[in-house]
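Results of the structural survey
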Amino acid sequence: KLLPLIAANDNGNNRQIIFGTDFDKEDYLRRLAEIFPAFRIRLIAYCLMSNHCHLMLQDALGGNLSSAMHLLQGGYAQTWNRRNGRSGSIYERRYHAEPIQNDGHLLTGSLYIHNNPREAGIVNQAAEYRWSSIGAYLRGQADAAVWSEPVLDLCGGVSEYSSLLAEYSEGD
């Protein structure tokens, strides 16, 4: 079994923009790609929006998420504050995490994460958004090391996931 799987999100303090530039997003994704493997955390899905992000992960050893998120959030916040001439917390609170209970939750969670930019009116199709793991799911490319296999295996592959994503979008 894949557990423990976790869905986590970070929100900007007072809904402030924390990923305002491509550089901000690239910096965060670079940190994800460096920090998570060191803690044996696999990134299953992600989406960076201007004032929040969604992460779906597997903490392979259990208990490492807190330390990894501390490094990720703390390091990103320090750098972001320096770049923007600010100090203090850029996050509303400590990241929020919830366990993924079953395969259905895993699948719908990934669809929700990938559909977030379309729901926000940023793109017409989820596949158009650069700052999510949708590229790893549909085209085998992403800005961070993404482990899409659990979701793709669950639904039967890329074309099936693409169909489910379209159905999910239409179901709003």
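Residues numbered from 1 in each chain as written. Predicted model: local features only at pLDDT ≥ 70, side-chain atom pairs only at ≥ 80, totals over all residues. Heavy atoms only, no water.

1. What to know about the overall build of the chain
Which entries qualify depends on this criterion: Strands are runs of DSSP state E lasting at least two residues, helices are runs of H or I lasting at least four, and both sets are numbered from the N terminus onward. Here's how the labels work: a residue is buried when its accessible area is under 20% of the maximum for its type, exposed when over 50%, partly exposed in between, all with a 1.4 Å probe on protein chains only. Every residue pair with non-hydrogen atoms within 4.5 Å of one another is taken to be in contact. Here the open area of atoms and residues is found with the Shrake-Rupley method and a 1.4 Å probe, where only the protein chains shown may cover a residue.
What the chain contains, in helices and strands, is six helices and four strands. Put simply, the chain runs from its N terminus to its C terminus through helices and strands in the order β-α-β-β-α-β-α-α-α-α. Per-residue burial for the chain yields a buried fraction of 49% across its 172 residues. Sequence separation of at least 24 residues holds for 69% of the intrachain contacts in the chain that already meet a minimum separation of 6. Here the chain has roughly 8300 Å² of accessible surface; of this, 48% comes from carbon and sulfur atoms.

2. Here's the deal with the packing of aromatic side chains
For clarity, the cut-off: Paired rings are identified among Phe, Tyr and Trp, the last through its six-membered ring, by centres lying within 6.5 Å, and are further divided according to the angle between planes into stacked (under 30 degrees), edge-to-face (over 60) and tilted (the rest).
Taken as a whole and judged by the stated rule, the model has four aromatic pairs. Centre to centre, the rings of tyrosine 28 and tyrosine 76 are 5.3 Å apart; their planes meet at 90 degrees, and the pair counts as edge-to-face. Taken together, the residues span a long stretch of sequence, with tyrosine 28 in helix 1 (residues 22–38) and tyrosine 76 in helix 2 (residues 65–84) at a distance of 48 residues. Both residues of the pair, tyrosine 28 and tyrosine 76, belong to the buried class.

3. A closer look at helix 1
Selection rule: A helix's residues, less one, multiplied by 1.5 Å, set its expected span.
Between its first and last C-alpha, helix 1 extends 25 Å over 17 residues, near the 24 Å set by a 1.5 Å rise per residue. Of the positions making up helix 1, those classed as buried are Asp24, Lys25, Asp27, Tyr28, Leu29, Arg31, Leu32, Ile35 and Phe36. Backbone geometry just downstream of helix 1 places arginine 40 in the positive-phi region, at approximately 55 degrees.

4. A few points about the nonpolar core
Our working rule: Put simply, a nonpolar core is a bunch of buried Ala, Val, Leu, Ile, Met, Phe, Trp, Tyr and Cys residues held in one set by side-chain atoms that sit within 4.5 Å of each other.
Ranked by internal contacts, the top residues of the largest apolar core, which has 50 residues, are Tyr28, Phe36, Leu43, Leu55, Tyr137 and Tyr161. Every residue in contact with phenylalanine 36, bar those within four places of it in the chain, is listed here: Arg31, Ile41, Leu43, Leu55, Leu57, Ala68, Met69 and Leu72.

5. Overview of the pairing of strand 2 (residues 41–48)
What counts here: In this description, strands pair whenever DSSP reports at least two bridges between them.
Buried residues dominate strand 2, accounting for seven of its eight residues. Bridge count between strand 2 and strand 3 (residues 52–59): seven bridges; the pairing is antiparallel. Bridge pairing in strand 3 links arginine 42 to glutamine 58. Between strand 2 and strand 3, which follow one another and run antiparallel, lie three residues.

6. Notes on helix 2
Along its 20 residues, helix 2 runs 27 Å from first to last C-alpha, staying within 8% of the 28 Å computed at 1.5 Å per residue. If you check which residues of helix 2 are buried, you get Leu65, Ala68, Met69, Leu72, Gln73, Gly75, Tyr76, Ala77, Thr79, Trp80 and Asn81. Directly after helix 2, the chain includes glycine 85, whose backbone phi takes a positive value near 60 degrees.

7. Overview of the pattern of salt bridges
Convention followed: Each salt bridge in this description consists of a side-chain nitrogen of Lys or Arg and a carboxyl oxygen of Asp or Glu lying within 4 Å of one another.
As enumerated under the stated definition, the model contains eight salt bridges in all. We note a salt bridge from aspartate 27 to arginine 31, for which the minimum N-O separation is 3.1 Å. One end of the pair, aspartate 27, and the other, arginine 31, are both in helix 1, four residues apart, so they sit about a helical turn from each other. Neither residue differs from the other here; aspartate 27 and arginine 31 are each classed as buried. When the shortest N-O distance is used, the salt bridge between glutamate 119 and arginine 118 registers 2.7 Å. A residue is classified by how much of its surface remains accessible, and glutamate 119, at 45% relative accessible area, is partly exposed.

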